[in-house]
Amino acid sequence: MGYRENLDQYEQQLISRDCNYTPIDGQIKSDPLLWTLNGGALARQCNDYQKSITYLDQAEAIFKQKETALALSAVGQSLGSILVNNNVNDYQGENYEKIMMNVYKGLNFMSLNDFDNARVEFNRALDRQRRAAEYFEQEINEAYKQYNHSEYAKEINTHSLTNSNIKNYRGDISPELLYPDFINPFATYISGLFFYLDHDYSKAEALFRQTARMLPNQKQVQDDLKLSTQSSKQKQNYVWLIYENGQGMLKSAFTYHFPSYLFTDKVITTDITVPTIYKRSLSYPYLKLEQQATTEIADMDNIVQQEFKKKLPAIMTEAMLNMIAKSTIQYTLEEKLEEYGGKFWGFLYQLSTDTADIRQWRAIPKNIQVARIPIQDNTVTIYKPDGTILTKIDYLQPNSNAIIYIKSEIVDHNTIHLIQQSSNTQ
Amino acid sequence: MINLYQSLNRCTLAITLGLSIILTGCSSNVEYVTADNAQDAVSLGLDSQDFELAAQESLNSLLASDVLNKPGGGRYVVAIGKVVNDTTLRIDTDMLIKKIRIGMLQSGKAVITTAVAGNSNNVDDLIYDVRELRDNDEFKQDTIAGKGTLYAPDLSLTGKILQRISRTGKNKQLVEYYLQLTLTDVKSGLAYWENESIVRKLGSNKSTAW
């Protein structure tokens, strides 16, 4: 039905920063949520932060509408998707997309130097994190039980304190340790970083602490936690590099062919097509902020995969029902319209509707990394792993903290955002 | 399986092939909110009614305290500082403050300066624009405010709106708002008055509170 082509085309636009919004605006009418999200990501790539916020605000309103309307029309919707196809329904969106939507809006507002509205967006992202943990409650509880009964847990409880990394595991395992694959540690971390830059040190400390519990071996998070606890007089100014690396997992269609004679000779084909996902490649494995290499803070692939896994049983059931319904239609067409070649029409119908739902927000990276150094003067250089310069930024203000945000889908395609609060607003 | 096939009649087919006849319903009824249906208009966010109640509560507390009674008579000059919105809602914090400003002015115990404020929206730029006209021949110079005429504030009013959201039971969420205000003596840096009003709302957990 053209979703693959449209999304592939969009992805090319995103990578090459082709800021023509006409194709997106055209698609919004037919599938509003998917294309407002896509529009938001493209406008951000094009450094048009206000436009990006406008698209993402629309997306957020659609999410809200879908969530509150779901119970009312669930019957109608599932009937529709079984008989026709998921793609006829509007895109419903994923939890991790909602979280990243608010994170991007927060970053956009920061770029516009509107820290008041950025605060609202990061608060929203944090509430969505809480809701994601609720969504995965069962899985997290299951993992928690398994861990506490494992040999690993026993070993840690008996050999505590000797290894500095293990110190964090003292006693019972903290549930946060199980979160990284279910909720997004980056969203908690970047919210913490926002509050740090907004001089709300106690809130920053709480959020860095929460991130550190999720990622006990992440040194940068530990260092940022330490920084947030220092008295404000000692604080010098730093620049953080946030690096969005590569392209996230890609949904694709996978078709099982059932021999149709299993059913009846009046059915030509009996297929079931379900979405599957596979990993894609990195851009640069890491970047260097002067001498400081970035380290991973979120594996987005794992997060995407967990959510996909949770939804898969329902998708499979729906696909099976879909297959039965369509075979039924082929059969019935053949019975009633045999003289006009009913089987053929039924076959055509099945072809036209047998496409798995492979829609997704294509702007999600493979992983996200971070590094930080003190600001010495106006200039900072970012290097590729081979030592060549990726970019040199020479308009930093040494008197305030800054974030350099780089998104690189593939090598040599980089979008760079600089966030530094103007000194006249605080 | 065969029974299932046979149970599908032409009617089902027609609907199926029509592809698009999926149950949709939409209504766009708009109603005025009155005392009778106010309950239906309640959302998990902060609405004007919440602002009104919270502001009234704060104002009552402020006027009941002794803070605004200036020793020896006269009126205090109050500046409106920053009110931090630490919620998930895009709130106009001026809405909360406005009622308190009005109440303070009506009490006759305080005046509000619009020459300085925590948020530039609360500064009246005209005060400064007029002073720019000092050497402009078109203006009668003795009608232009002279130097040293603005009053510095005695007190500053600042605040914060906090929000806590938690799930209660399986499908409900509790949303709490804390509206905190502080009146600080500018010279000494000491807080003379503080108040916290709490708004609690319970609603469905199906969607977010904003």
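Residues numbered from 1 in each chain as written. Chains lettered and ligands numbered in written order. Predicted model: local features only at pLDDT ≥ 70, side-chain atom pairs only at ≥ 80, totals over all residues. Heavy atoms only, no water.

### Here we look at the pattern of salt bridges
With the rule as written, the count across this model stands at 39 salt bridges over all chains. Across the salt bridge formed by A:R124 and A:E60, the nearest N and O atoms sit 2.9 Å from each other. Residue A:R124 is found in helix α6 (residues 115–135), and its partner A:E60 is found in helix α4 (residues 49–83); the two are separated by 64 residues along the sequence. Considered together, A:R124 and A:E60 belong to a single accessibility category, that of buried residues. Among the ionic pairs, A:K219 bridges to A:D223, the shortest N-O distance being 3.0 Å. Residue A:K219 and its partner A:D223 are both found in helix α11 (residues 219–229); the two are separated by four residues, about one turn of the helix. The class of A:D223 is partly exposed, set by a relative accessible area of 22%. One connected set of salt bridges, linked through shared partners, spans A:D57, A:E60, A:K105, A:E121, A:R124, A:R128 and B:R90. (Salt bridge = Lys/Arg side-chain N within 4 Å of Asp/Glu carboxyl O. Helix = DSSP H or I, 4+ residues; strand = E, 2+ residues; numbered from the N terminus. Buried < 20%, exposed > 50% of the residue type's maximum accessible area, 1.4 Å probe, protein only.)

### A short note on the pairing of strand β1 (residues 76–86) of chain B
Residues and elements named next belong to chain B. When you tally the buried positions in β1, you get nine out of eleven residues, the bulk of the element. Alignment of β1 against strand β2 (residues 110–117), held across five bridges, turns out to be parallel. By the bridge assignment, I80 is partnered in β2 with A117. Handedness of the β-α-β unit built from β1, helix α4 (residues 93–107) and β2 comes out right-handed. Of the strand pairs in this sheet, β1 and strand β3 (residues 155–168) are connected by seven bridges, and their pairing is parallel. Bridging from a neighbouring strand, V84 pairs with K160 of β3. (Pairing = 2+ DSSP bridges. Right-handed = clockwise from strand over helix to strand, strands pointing away.)

### Examining the sheet that holds strand β4 (residues 172–185) of chain B
Residue and element names in this part refer to chain B. Strand order in the open sheet formed by five strands is β2-β1-β3-β4-β5, and the pairing between neighbours is mixed. Among the strands making up the open sheet, the edge pair consists of β2 and β5 (191–204). Neighbouring strand axes in the sheet, compared pairwise and without regard to direction, differ in orientation by 30 degrees on average. Both β3 and β4 contribute to a ladder of 14 bridges, which runs antiparallel. Within β4, the residue paired with R167 across the bridge is Q173. Contacting β3, β4 and β5, helix α3 (residues 48–64) crosses the sheet at an angle of about 155 degrees to β5. (Axes fitted to C-alpha atoms, helices over the stretch in contact; angles between N-to-C directions. Contact = heavy atoms within 4.5 Å.)

### Notes on the state of the cysteines
Residues and elements named next belong to chain A. In total, this model carries one disulfide over all chains according to the counting rule given. Residue C19 pairs covalently with C46 via a disulfide, S to S 2.0 Å. One disulfide, between C19 and C46, carries an S-S torsion of -105 degrees and so falls in the left-handed class. With a gap of 27 residues between them, C19 in the loop between α1 (3–15) and α2 (22–28) and C46 in the loop between α3 (32–45) and α4 connect regions that are remote in the sequence. The class of C19 is partly exposed, set by a relative accessible area of 37%. Under the relative-accessibility criterion, C46 is labelled buried at 18%. (Disulfide = S-S within 2.5 Å.)

### Describing the packing of aromatic side chains
To describe a pair of aromatic rings, one takes the distance between the centres and the angle between the planes. All names here are of chain A. The full count for this structure, using the stated rule, is twelve aromatic pairs over all chains. Taking the centre distance of 5.8 Å and the plane angle of 85 degrees together, the rings of Y10 and W35 count as edge-to-face. Here the residue Y10 occupies a position in helix α1, and W35 occupies one in helix α3, the gap between them amounting to 25 residues. Given the relative accessible area of 3%, W35 is considered buried. Judged by centre distance (6.0 Å) and plane angle (40 degrees), the ring pair of Y21 and Y55 falls under tilted. Of this pair, Y21 sits in the loop between α1 and α2 while Y55 sits in helix α4, and the two are 34 residues apart along the sequence. Since its relative accessible area comes to 5%, Y55 is described here as buried. Three or more aromatic residues link up through ring pairs in this structure, and these residues are F115, F122, F194 and F195. Taking NZ or CZ as reference, R44 lies 5.0 Å from the ring centre of Y405, over its face. The ring centre of Y135 lies 4.7 Å from the NZ or CZ of K310, which sits over that ring. (Phe/Tyr/Trp six-rings, centres within 6.5 Å; stacked < 30°, edge-to-face > 60°. Lys NZ or Arg CZ within 6 Å of the ring centre and 35° of its normal.)

### Looking at the confidence of the model for chain B
Residues and elements named next belong to chain B. Looking at chain B, the pLDDT average stands at 83 and 80% of residues meet or exceed 70. Residue range residues 1–28 is modelled with pLDDT below 50. Its contacts to residues more than four positions away, or to other chains, number 30 contacts. For this predicted complex, the interface score ipTM comes out at 0.83, while the overall pTM is 0.85. (pLDDT = per-residue confidence, 0-100.)

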